[in-house]
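Each chain is listed here by its residues.
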Amino acid sequence: MGVHNNFHAPKDSWPAFSWYAIEFFIVMAVGVMAAASSMDYFHKLGFTQDMTNWIFWGVAGIPFPIYYMVIRPLLLKRPALKI
């Protein structure tokens, strides 16, 4: 029986794209938690339920540009989609 030289070991045992997905969901969780904690303030101001829905997702989206445009490029020094 001969030996076959066709063994393939992947570069990383964990897929690289999953780190970006984990990072995205952490930023999403921070945004949703910040938005949920600030909704009482907007209810006290007298906004309707429809307006607070828009405000909730607007506040939940604030961490994304802050993280991906400020924190990640300046502090972490690595591109978001390095191929």
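Residues numbered from 1 in each chain as written. Predicted model: local features only at pLDDT ≥ 70, side-chain atom pairs only at ≥ 80, totals over all residues. Heavy atoms only, no water.

Chemist: How do you make sense of the overall build of the chain when you look at a structure like this?
Modeler: Helix and strand counts for the chain come out as 3 helices and 0 strands. The linear arrangement of helices and strands in the chain, starting from the amino end, is α-α-α. Across the 83 residues of the chain, 20% fall into the buried class. The contacts of the chain with a sequence gap of at least 6 include a subset with a gap of at least 24, amounting to 59%. For the chain, the exposed area adds up to about 7200 Å²; of that, 71% sits on carbon and sulfur atoms. (Helix = DSSP H or I, 4+ residues; strand = E, 2+ residues; numbered from the N terminus. Buried < 20%, exposed > 50% of the residue type's maximum accessible area, 1.4 Å probe, protein only. Contact = heavy atoms within 4.5 Å. Areas by Shrake-Rupley, 256 points an atom, 1.4 Å probe, with all protein chains shown as cover.)

Chemist: I would appreciate a short explanation of helix 1 (residues 16-44) in the present structure.
Modeler: Because the α-helix completes a turn every 3.6 residues, residues three or four places apart line up on one side. If you check helix 1, its first and last C-alpha atoms are 44 Å apart, about what 29 residues at 1.5 Å a residue would give, namely 42 Å. Of all the bends in helix 1, the largest measures some 35° and sits at S38. Of the positions making up helix 1, those classed as buried are S18, E23, V27, G31, A35, S38, M39 and F42. Buried-residue contacts for helix 1 involve helix 2 (49-61) and helix 3 (63-76). (Expected span 1.5 Å × (residues − 1). Bend = angle between axes of the 7 residues up to and from the residue.)

Chemist: Any chance you could explain the nonpolar core here in plain terms?
Modeler: Taken as a class, soluble globular proteins show a tendency for nonpolar side chains to be buried jointly. Core analysis: the largest hydrophobic core is formed by 7 residues, namely A35, M39, F42, I55, F56, V59 and A60. Where this core is concerned, the elements lending two or more residues are helix 1 and helix 2. Top contributing element to this core by residue count: helix 2, with 4 residues. Here A60 is in contact with G31, V32 and A35, once residues within four sequence places are set aside. (Core = buried A, V, L, I, M, F, W, Y, C linked by side-chain atoms within 4.5 Å.)

Chemist: What exactly am I supposed to notice about a nonpolar patch on the surface here?
Modeler: On the surface, a nonpolar cluster with roughly 780 Å² of combined accessible area is contributed by I62, I66, M69, V70, I71, L74, L75 and L76. Within the secondary structure layout, M69 lies in helix 3. Look at M69 and you get exposed, because its relative accessible area is 63%. (Patch = residues over 30% accessible without salt bridge, like charges linked within 9 Å, V, L, I, M, F, W, Y side chains within 5 Å. Salt bridge = Lys/Arg side-chain N within 4 Å of Asp/Glu carboxyl O.)

Chemist: Quick question: what am I supposed to make of the packing of helix 2 against helix 3 here?
Modeler: When two helices pack together, their arrangement is captured by the angle between the axes and the distance separating the axes. Closest axis-to-axis distance for the helix 2/helix 3 pair is 4 Å, and the angle between their directions is 15°. Judged on the interaxial angle alone, helix 3 and helix 2 are roughly parallel. Counting all contacts with helix 2, which are made through V59, A60 and G61, the residues of helix 3 involved are P63, F64 and P65. Looking at the contact of helix 2 with helix 3 residue by residue, the class counts come to 5 nonpolar, 1 polar and no charged. (Axes fitted to C-alpha atoms, helices over the stretch in contact; angles between N-to-C directions. Parallel < 35°, antiparallel > 145°, perpendicular 65-115°, else oblique. Nonpolar A, V, L, I, M, F, W, Y, C, P; charged D, E, K, R; others polar.)

Keep in mind these values describe shape, not function.
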